[in-house]
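# Descriptive structure summary
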Amino acid sequence: MSALWSVGAGLLLLLLWVRHRGLEAVLVHHRWVFVCFFLMPLSILFDIYYQLRAWAVWRLHSAPRQHAQRVRHIQEQVREWKKEGSKRYMCTGRPGWLTVSLRVGKYKKTHKNIMINLMDVLEVDSERQVVRVEPLVTMGQLTAYLNPMGWTIPVVPELDDLTVGGLIMGTGIESSSHIYGLFQHTCVAYELVLADGSLVRCSPTENSDLFYAVPWSCGTLGFLVAAEIKMIPAKKYVKIHYEPVRGLQKICEKFTEESKKKENSFVEGLLYSLDEAVIMTGVLTDEAEQSKINRIGNYYKPWFFKHVETYLKADRTGIEYIPSRHYYHRHTRSIFWELQDIIPFGNNPIFRYLFGWMVPPKISLLKLTQGEAIRKLYEQHHVVQDMLVPMKSLEKSIQTFHVDLNVYPLWLCPFILPNNPGMVHPKGDETELYVDIGAYGEPKRKQFEARASMRQMEKFVRSVHGFQMLYADCYMTREEFWDMFDGSLYHKLREEMNCKDAFPEVYDKICKAARH
């Protein structure tokens, strides 16, 4: 009873302090208070709800039976929109704050919201090695479902809450992408409800133009209702090798060399300064040295990027065996390194042991509660960007990131980019090795100005025939945007499928210069 009185008294004092300081001041200057005491417990409740729901669906085998009915409901909504005169653009009815993207889209308030409640795994076809899923299935949900069956997907983008639909309509990448390409390149078929309410399946051999145009289209060609994704056999561990490298030229040479080796199941680099990095290579295995097993996903473990940094500080190489699912979601607990800006003491051992089991707070809840003051603060003094550039331009790109942003760590993730039709492909006629450079944090560059600095970055990326991930803030003009992306197939299909009155153009949906 005394413990309850202590907790009650603590909460009362906290509420009195919040009232004294003002809620907005606390949310801006002491955000960790709100996150630790409210958002983290609420995130646990969210996870419990979705886990129980997934378990119930699995036990009742209801997902395949209800899928057709739910798709028909989507078709009915689209046909009702047509009967009403097609006066407004359509978009999904999922609230903007539920997406992992930090961008807040205002179009949800003015467009016709089509409710799409599709969040289940539909079928695992072991013979074809394909899993069929609905668009709101998350990466955490999918790996938890497949791993006990002995399967995984070739590219498991990092954060638990990333959805299949977002990774197809946008894009996704992981440290296995130097073998398999982007997330879209592991998909074998899509099912969409189009602007006329019809249901269409597309694949490389069936409605192939639509299949290649869907990735990066951000839901402006139709509503995704199912996807088929390749599966590969899962193994118990990832044997990971850590190697610190110093000197920018050596870093780029080593990273490029390892990225070209197909015997590496995984390749990743963390750049801690302009000339200091740790390059990691991994291979899937069922065998492990017990003394070298590191269950990095356990709640009390150090954040992964901090753990990696110990090899750099000690200037030593190392080998560990990380359970596969822990590896796939190794950056989830710290949201890469974003959480250190929200909870500065989050990697402290005491905090990890006492409260680490509640980490991370849901990105969606962070967005929902950020308020206008924090949103503007983040927009002007914080960067979350992924730029995809040819591997041959890596050194020049890192130097440009350093001059224009000066944000560390930088995430380096290699991927092959095939010369397929669609918005994103190499300049030449052959598959090319690219690298994703991820910058997440507060720029240390003096006189950093978000719009001017990012426009400078975007100009550089266009000059090397690179691409900007569209989940992030984009400052390009329409002409610059379509200089970066190949819109020929996309615009052709929008004309043929009568999308112009049904969905906004992708530029108008995601670019700051176009959003109102």
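The rules we used
- Residues numbered from 1 in each chain as written.
- Predicted model: local features only at pLDDT ≥ 70, side-chain atom pairs only at ≥ 80, totals over all residues.
- Heavy atoms only, no water.
- UniProt positions renumbered as here; feature names shortened; annotations may be inferred.
- Pairing = 2+ DSSP bridges.
- Helix = DSSP H or I, 4+ residues; strand = E, 2+ residues; numbered from the N terminus.
- Axes fitted to C-alpha atoms, helices over the stretch in contact; angles between N-to-C directions.
- Contact = heavy atoms within 4.5 Å.
- Buried < 20%, exposed > 50% of the residue type's maximum accessible area, 1.4 Å probe, protein only.

The protein appears in an unreviewed UniProt entry as Delta(24)-sterol reductase from Furnarius figulus. Annotation of the protein in UniProt includes, under Cofactor (unreviewed entry), the sentence "FAD". UniProt, in the comment section headed Function (unreviewed entry), describes the protein in these words: "Catalyzes the reduction of the delta-24 double bond of sterol intermediates during cholesterol biosynthesis. In addition to its cholesterol-synthesizing activity, can protect cells from oxidative stress by reducing caspase 3 activity during apoptosis induced by oxidative stress. Also protects against amyloid-beta peptide-induced apoptosis."

## Some thoughts on the sheet that holds strand β6 (residues 187-193)
With antiparallel pairing, 5 strands are arranged side by side in an open sheet as β3-β4-β8-β6-β7. Two strands close off the open sheet at either side, each with one partner strand: β3 (121-125) and β7 (199-202). Direction aside, the axes of adjacent strands within the sheet are offset by 15° on average. Two strands pair when backbone bridges link them, and β6 and strand β8 (residues 223-230) are joined in this way by 6 bridges, in the antiparallel orientation. Of the residues in β8, the one forming a bridge with L192 is L224. Seen against the sheet, helix α5 (residues 139-146) touches β3 and β4 (130-133) and runs at an angle of roughly 40° to β3.

## A few points about the pairing of strand β16 (residues 432-441)
Among the 10 residues of β16, 10 are classified as buried, and the element is accordingly described as predominantly covered. With 8 bridges connecting them, strand β14 (residues 383-390) and β16 associate as antiparallel partners. Paired with V389 across the bridge in β16 is V435. In this structure, strand β15 (residues 410-417) lies alongside β16, joined through 8 bridges in antiparallel fashion. Within the sheet, the bridge partner assigned to L417 lies in β16 and is E432.

## Some words on unusual backbone geometry
The peptide bond linking V359 to P360 adopts the cis configuration, its omega dihedral lying at 5°. Looking at the element boundaries, P360 is found in the loop between α13 (349-355) and α14 (363-368). Following Y408, the chain continues into P409 via a peptide bond in cis, with omega recorded as 0°. Mapped onto the fold, P409 is located in the loop between α16 (394-404) and β15. The backbone of N207 shows a phi angle near 50°, a positive value even though the residue is not glycine. In this structure, N207 sits in the loop between β7 and α8 (208-213).

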